[in-house]
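# Observations on chain architecture
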Amino acid sequence: MNQIPLHRMAIVRPFADIADTVGVPIELAFRRARLPYMALDQADVYVPSERFLRFLIGLVWREGIDDLGFLVGGRVGVNGIDPNLSRYLQRSPTLFEAMQAFAELSNRTVTNCHVGIAAAPGANVTRFYHSPSCKDSNPASAQIAWFGLMAMLGLVRTFRGPGWTPADIGVIGSAVPGETIRQAFSPTAFHVSRGISWIEIPNDFLSSSLLPRDPNLREYQP
């Protein structure tokens, strides 16, 4: 029997939240995608991935939120896959160990998702990469890719500071990132990356310790 791909409601919720802030009728959007609206506040409920992706693309096409994955990922950061992840990762003594924990949780939470760590060829950098749960041909793939990229970036920033930006980013698809994204990453070089997205991290960053939490920083709470 084939496994039905699933997403945890903890991932669906931040997309619903940002849509709600721009006036999208969320209950109607859920009904169109055949998602259970009553489960919106239940982070541990799993829903069919196909329905979540239908909901996501409905927001992009109907509401014109072209950079939805980037915007949602930027808002929730490392907590994108779990609202308590930043606190969980405080157990990790180094950035590298936090990246390993993040990858393990991501791969367990989303069917067909693969997050991993690999040495970049011929360079003193490591690639923190994400293969989305849907194929490149799926119209939601770029949105999911940017959501994952921003979650990974949020993780690195908890160890390197909120202003850290990678010198190189691999993006899925052939389209050049929009102006909103280019402005957010003005010094960054973008590379077309078939099937996976990634950020490059200098190897000497991997032993970094967690930075003290800013008491004025409000973490995303679903």
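Residues numbered from 1 in each chain as written. Predicted model: local features only at pLDDT ≥ 70, side-chain atom pairs only at ≥ 80, totals over all residues. Heavy atoms only, no water.

Packing of helix α1 (residues 9–21) against helix α4 (residues 68–76) leaves a shortest axis separation of 10 Å and a crossing angle of 105°. It follows from the interaxial angle that α1 and α4 lie roughly perpendicular. Of the residues in α4, those touching α1 at Pro14, Phe15, Asp17 and Ile18 are Leu68, Gly69, Leu71, Val72, Arg75 and Val76. By residue class, the composition of the contact of α1 with α4 is 7 nonpolar, 1 polar and 2 charged. (Axes fitted to C-alpha atoms, helices over the stretch in contact; angles between N-to-C directions. Helix = DSSP H or I, 4+ residues; strand = E, 2+ residues; numbered from the N terminus. Parallel < 35°, antiparallel > 145°, perpendicular 65-115°, else oblique. Contact = heavy atoms within 4.5 Å. Nonpolar A, V, L, I, M, F, W, Y, C, P; charged D, E, K, R; others polar.)

For the coordinates displayed, the defined rule picks out 11 aromatic pairs. Where Phe15 meets Phe52, the ring centres are 5.5 Å apart and the plane angle is 70°; that geometry is what we call edge-to-face. Of this pair, Phe15 sits in helix α1 while Phe52 sits in helix α3 (residues 49–63), and the two are 37 residues apart along the sequence. Since its relative accessible area comes to 0%, Phe15 is described here as buried. Among the aromatic residues, those joined into a cluster by ring pairs are Phe70, Trp146, Phe185 and Phe190. Here the guanidinium or amino end of Arg127 rests over the ring plane of Trp198, the centre of that ring lying 3.7 Å away. (Phe/Tyr/Trp six-rings, centres within 6.5 Å; stacked < 30°, edge-to-face > 60°. Buried < 20%, exposed > 50% of the residue type's maximum accessible area, 1.4 Å probe, protein only. Lys NZ or Arg CZ within 6 Å of the ring centre and 35° of its normal.)

Turning next to the nonpolar core. One broad trend across soluble globular proteins is that nonpolar side chains are buried collectively. With 65 residues, the main nonpolar core has Phe55, Phe102, Phe128 and Ile201 as its most contacted residues. Examining the composition of this core, we find that 11 residues originate from one element, helix α7 (residues 141–160), more than from any other. With residues near it in sequence (within four places) discarded, Ile201 still touches Leu95, Met99, Val125, Thr126, Phe128, Val156, Trp164 and Leu206. (Core = buried A, V, L, I, M, F, W, Y, C linked by side-chain atoms within 4.5 Å.)

Right, let's get into unusual backbone geometry. A positive phi angle, near 65°, is found at Arg34, a position not held by glycine. Considering the arrangement of structural elements, one finds Arg34 in the loop between α2 (26–33) and β2 (46–48). Even without glycine at this site, Asn112 takes up a positive phi of about 70°. Within the element layout of this structure, Asn112 appears in the loop between α6 (95–109) and β3 (114–119).

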